[in-house]
Structure formats: structure tokens, C-alpha cells
Amino acid sequence: MPFVEVDTNLPASRVPAGLEKRLCAATAAILGKPEDRVNVTVRLGLAMAVNGSPEPCAQLLISSIAVVGTAEENRAHSARFFEFLTKELDLGQDRIIIRFFPLEPWQIGKNGTVMTFL
């Protein structure tokens, strides 16, 4: 069950409509998870800086069970997420930061329990 959060200082007028749906599909493909398990949040127009600069930028936070736990996995994921984000947001790779957080099934609540028991 991946969770993907995009924070950007780009205004809504610079972000293509439907980004959250396309990012959901891309995340499913990149991480090898069913699309109906992917959760995406997009926050626009934030006050933020990347590499000390407030120029247009984005940060991507990816949390998931079992697929973001090694440097090798994340190197491959990173390349594909950078490809998606640079095209969608029209930003250079130097203006995007990605953070990966591995999750355990007991850390995600759903349907009145945790994923461990589902």
C-alpha cells in the first residue's frame, strides 16, 4: 500500500490537471503494486526551498511496504519517478528531491485493523 506525497511551490496554474491520477498509475507501475492500493496527495503553492533556493521545485515522499527498503531498489525507483516528475512538472532534476520511507504492515491502519491482519 504505497503512499506518495508531492509538495511543490508551483501554483495550480503550472501543474497539469489530473496529476494525482497519473502519479497513481505511475507509482503502481514503478513499485509493482496494484493501482487500487496507491494513495497520492498533491500539495501546491507551498512556501519551500530545495538546495537553498526558492525557485520552482518539488519534493516527493514515497512510503511503502516491502519495495523501498534498499539502495538498489530506490535507485531504480528514483530514476523512473524523476523521469515522470520532470515531464509532468517541467522541472529539472536538480529542483526535485525524493525521500523513500519503508513501512511495516503494522504501521498502516485500514478497515479497523492494521495491514498485518488483512
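The rules behind the values
Residues numbered from 1 in each chain as written. Predicted model: local features only at pLDDT ≥ 70, side-chain atom pairs only at ≥ 80, totals over all residues. Heavy atoms only, no water. Pairing = 2+ DSSP bridges. Helix = DSSP H or I, 4+ residues; strand = E, 2+ residues; numbered from the N terminus. Axes fitted to C-alpha atoms, helices over the stretch in contact; angles between N-to-C directions. Core = buried A, V, L, I, M, F, W, Y, C linked by side-chain atoms within 4.5 Å. Buried < 20%, exposed > 50% of the residue type's maximum accessible area, 1.4 Å probe, protein only. Contact = heavy atoms within 4.5 Å. Salt bridge = Lys/Arg side-chain N within 4 Å of Asp/Glu carboxyl O.

Q: Would you take a moment to explain the sheet that holds strand E2 (residues 39-43) for this structure?
A: Two orientations exist for strands paired in a sheet by backbone hydrogen bonds: parallel and antiparallel. Taken in spatial order, the 4 strands line up as E2-E1-E3-E4 in an open sheet, and their pairing is mixed. Sheet topology places E2 and strand E4 (96-103) at the edges, where each strand pairs with a single neighbour. Within the sheet, the average angular offset between the axes of one strand and its neighbour, ignoring direction, is 10°. As paired strands, strand E3 (residues 58-65) and E4 are joined by 8 bridges and run parallel to one another.

Q: Where do I start with the nonpolar core in this structure?
A: The nonpolar side chains of a soluble globular protein tend to be buried, and buried together. Of all hydrophobic cores here, the largest spans 23 residues; its most connected members are Leu 23, Leu 31, Leu 60, Ile 62, Phe 81, Leu 89 and Ile 98. Ignoring any residue separated from it by four or fewer positions in sequence, one finds Leu 89 in contact with Leu 10, Arg 14, Val 15, Leu 19 and Ala 58. Core analysis: the next-biggest nonpolar cluster, separate from the first, contains 5 residues, Met 1, Leu 103, Ile 108 and Met 115 among them.

Q: Honestly, the pattern of salt bridges in this entry has me stumped. Any pointers?
A: Two side chains with opposite charge may pair up if their charged atoms get near one another. Per the counting criterion, the structure on display carries 5 salt bridges. Arg 43 serves as the salt-bridge partner of Asp 7, at 2.6 Å between the closest nitrogen and oxygen. One end of the pair, Asp 7, is in strand E1 (residues 3-8); the other, Arg 43, is in strand E2, with 36 residues separating them in the sequence. Given the relative accessible area of 17%, Asp 7 is considered buried. Residues Lys 87 and Glu 83 are paired through a salt bridge, measuring 3.3 Å at the closest nitrogen-oxygen approach. Of this pair, Lys 87 and Glu 83 both sit in helix H2 (residues 71-89), separated by 4 residues, roughly a single helical turn. Beyond isolated ion pairs, a larger network of salt bridges with shared partners links Glu 5, Asp 7 and Arg 43.

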